[in-house]
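# Observations on chain architecture
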Amino acid sequence: MNGADVAAELPAAPDAEAASTPAVVDRVALARLYGEPLFALPQDLYIPPDALEVFLEAFEGPLDLLLYLIRRQNFNILDIPMAEVTRQYLGYVEQIRQRNLELAAEYLLMAAMLIEIKSRLLLPPAPRTEGQEEPEDPRAELVRRLLEYERIKLAAQALDALPQHGRDFWRAQVLIELSMPPRWPHVAPEELRAAWHDILRRARLVQRHTIRREALSVRETMSDLLRSLQQRRWAEFHELFEPARGVAHAVVTFIALLELGKEGLLDITQAEPFAPIYVRLTYSPV
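What you see is a predicted model; the values in this text were computed from it and never measured. (Residues numbered from 1 in each chain as written. Predicted model: local features only at pLDDT ≥ 70, side-chain atom pairs only at ≥ 80, totals over all residues. Heavy atoms only, no water.)

### Comments concerning the overall build of the protein
Keep this limit in mind: In DSSP terms, a helix is any run of H or I states spanning at least four residues, a strand is any run of E spanning at least two, and both are numbered starting from the N terminus. Any residue under 20% of the maximum accessible area for its type is buried, any over 50% is exposed, and the rest in between are partly exposed; the area is computed with a 1.4 Å probe on protein chains only. Pairs of residues are marked as contacts when any of their non-hydrogen atoms sit within 4.5 Å. Shrake-Rupley sampling with a 1.4 Å probe provides the accessible areas, and residues are treated as covered by the protein chains on show and by no other component.
What the protein contains, in helices and strands, is nine helices and five strands. In sequence order, the protein lays out its α and β elements as α-α-β-β-α-α-α-α-α-α-β-α-β-β. For the protein, the proportion of its 286 residues judged to be buried stands at 19%. Considering only residue pairs separated by 6 or more positions, the protein has 52% of its internal contacts joining residues 24 or more positions apart. Total accessible area computed for the protein in this model is approximately 24000 Å², and 58% of it derives from carbon and sulfur atoms.

Right under this line is the structure:
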């Protein structure tokens, strides 16, 4: 058989388009392997035993598991039925011990604690002497830890429910061209004039005042009043004051009048209500 006969017996080579088309087109591909459709599982496919495991409940620790068992069955956390809770807890620990011994270590510690509490509850109470306090419930420490853990867990859930950056919202970012010239607002002449008047008004409010001390004597004013009344014997009340000398002199004059009236040297009279007030001497001058 020569070379021509061999070439004639071989089938014709398919073109590029026919090579890319799968041979089976009436079935749905199970998967794609390196871009090629896969219509049947390989015979030598190895699936690890743990690949198809499903965990319905995930717990963060022994207290989380114990709290789940209590809340799921509506047990009173202050009166935990230790026998039933311990049985369910040990069943879960046995499941995770078969798969992950390192993870089960901390759960085994809690299991030992539950068994100890259960055994202490089964023991008869020790006889008490008179005046001795009642022994503490073996479950008290466990209840305290569970309540504290539940409080922290609820607080963590409340914090997680708050909006978080990157999960619930994103900050908006705006790019500003720094090379742009600043745009200053236009100021009218009227606004400058109003600002200047406001500065002058505030400057007048803080200007310094010079206070001069004036020496005034009540006794000296009393003598002046007596000398002025000796010449006319009586006078109206307002005639005894000198408003031009200021408020301080008026205050001293009024105090002097009160002192003279207190000593009985002056008589302050009024004919009727709302009538003029008169001041006169109570004695006859020599």
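### Let's talk about the packing of helix H8 (residues 218-232) against helix H9 (residues 247-262)
Operational definition: Axis geometry follows a simple rule: fit a line to the C-alpha atoms, using only the stretch in contact for helices, then measure angles between N-to-C directions, giving values from 0 to 180 degrees. Just so you know how the angles are binned, under 35 degrees is roughly parallel, over 145 roughly antiparallel, 65 to 115 roughly perpendicular, and the rest oblique. Three categories are distinguished: nonpolar for Ala, Val, Leu, Ile, Met, Phe, Trp, Tyr, Cys and Pro, charged for Asp, Glu, Lys and Arg, and polar for the others, with Gly belonging to the last.
The contact between H8 and H9 brings their axes to 9 Å, and the two run at 70°. By the angle class used here, H8 and H9 are roughly perpendicular. Taken together, the residues of H9 that come into contact with H8 (itself represented by Val218, Thr221, Met222, Leu225 and Leu226) are Val252, Thr253, Ile255, Ala256, Leu257, Glu259 and Leu260. Its residues assigned to classes, the contact of H8 with H9 comprises nine nonpolar, two polar and one charged.

### Some remarks on the packing of helix H3 (residues 62-72) against helix H4 (residues 82-99)
What counts, and what does not: In this scheme the crossing of two helices becomes right-handed for a clockwise turn of the near helix relative to the far one and left-handed for an anticlockwise turn of less than a right angle.
Direction vectors running N to C along H3 and H4 enclose 130°, while the axes themselves pass 10 Å from each other. Judged by the angle between their axes, H3 and H4 are oblique. Seen from above, H3 lies across H4 with right-handed handedness. On the side of H3, the interface is formed by Pro62, Leu65, Leu66, Leu69, Ile70 and Arg72, while H4 contributes Val85, Gln88, Tyr89 and Tyr92.

### Overview of the sheet that holds strand S4 (residues 266-270)
Two strands in a sheet stick together by hydrogen bonds in their backbones, pointing the same way (parallel) or opposite ways (antiparallel). Counted only if it meets this: A strand pair is defined by DSSP finding two or more bridges across the two strands.
The sheet built from three strands is open, its strands ordered S3-S5-S4 with antiparallel pairing. Since the sheet does not close on itself, it has two edges, and those belong to strand S3 (234-236) and S4, each with one partner. Here the average twist between neighbouring strands, direction ignored, is 25°. Sheet topology places S4 next to strand S5 (residues 277-281); five bridges connect them, and they run antiparallel. Its bridge partner being in S5, Ile268 is matched across the sheet by Val279.

### Thoughts on the side chain of Thr86
Checked against the element boundaries, Thr86 lands in helix H4. When its relative accessible area of 3% is taken as the criterion, Thr86 is described as buried. What Thr86 contacts, discounting residues up to four positions off in sequence, is Leu114 and Ile115.

### Details of the pattern of salt bridges
Spelled out, the test is: By definition, a salt bridge exists where a carboxyl oxygen of Asp or Glu is found within 4 Å of a side-chain nitrogen of Lys or Arg.
Enumeration over the complete set of coordinates arrives at 15 salt bridges. Taking the shortest distance from any N to any O, the salt bridge between Arg139 and Asp79 comes out at 2.8 Å. With a gap of 60 residues between them, Arg139 in the loop between helix H5 (101-122) and helix H6 (140-161) and Asp79 in the loop between H3 and H4 connect regions that are remote in the sequence. Residue Asp79 is classed as partly exposed on the basis of its relative accessible area of 45%.

### Description of the side chain of Arg139
You can call Arg139 buried: its relative accessible area is 14%. The residues contacting Arg139, other than those within four sequence positions of it, are Asp79, Ile80, Met82, Ile117 and Leu121.

### Details of a nonpolar patch on the surface
This is how it is decided: Like charges are joined within 9 Å and nonpolar side chains (Val, Leu, Ile, Met, Phe, Trp, Tyr) within 5 Å, but only among residues with over 30% relative accessible area and no salt bridge; these make up the patches.
Among the surface-exposed residues, Leu30, Leu41 and Leu45 lie close enough to one another that they form a single nonpolar patch of about 320 Å² accessible area. Residue class for Leu30 comes out exposed when judged on its relative accessible area of 54%.

### Examining the confidence of the model for the protein
Under the convention used in this document: pLDDT is defined as a per-residue confidence score from the predictor, taking values between 0 and 100.
With 80% of its residues at a pLDDT of 70 or more, the protein shows a mean pLDDT of 76. When mean pLDDT is compared element by element in the protein, H6 scores highest at 89, while helix H1 (residues 3-9) scores lowest at 37. In this model, residues 1-25 is a region of pLDDT below 50 whose contacts with residues beyond four sequence positions or in other chains number five contacts.

### Focus: the nonpolar core
Note the following rule: As used here, the term nonpolar core means buried Ala, Val, Leu, Ile, Met, Phe, Trp, Tyr and Cys residues forming a set that is joined through side-chain atoms within 4.5 Å.
In terms of nonpolar packing, the biggest core is built from 25 residues, with Leu66, Tyr89, Met110, Leu142 and Leu146 touching the most fellow members. Mapped by element, the contributors of at least two residues to this core are H3, H4, H5 and H6. Grouped together as the second largest cluster of nonpolar side chains are 13 residues, Phe241, Ala256, Leu266 and Val279 included.

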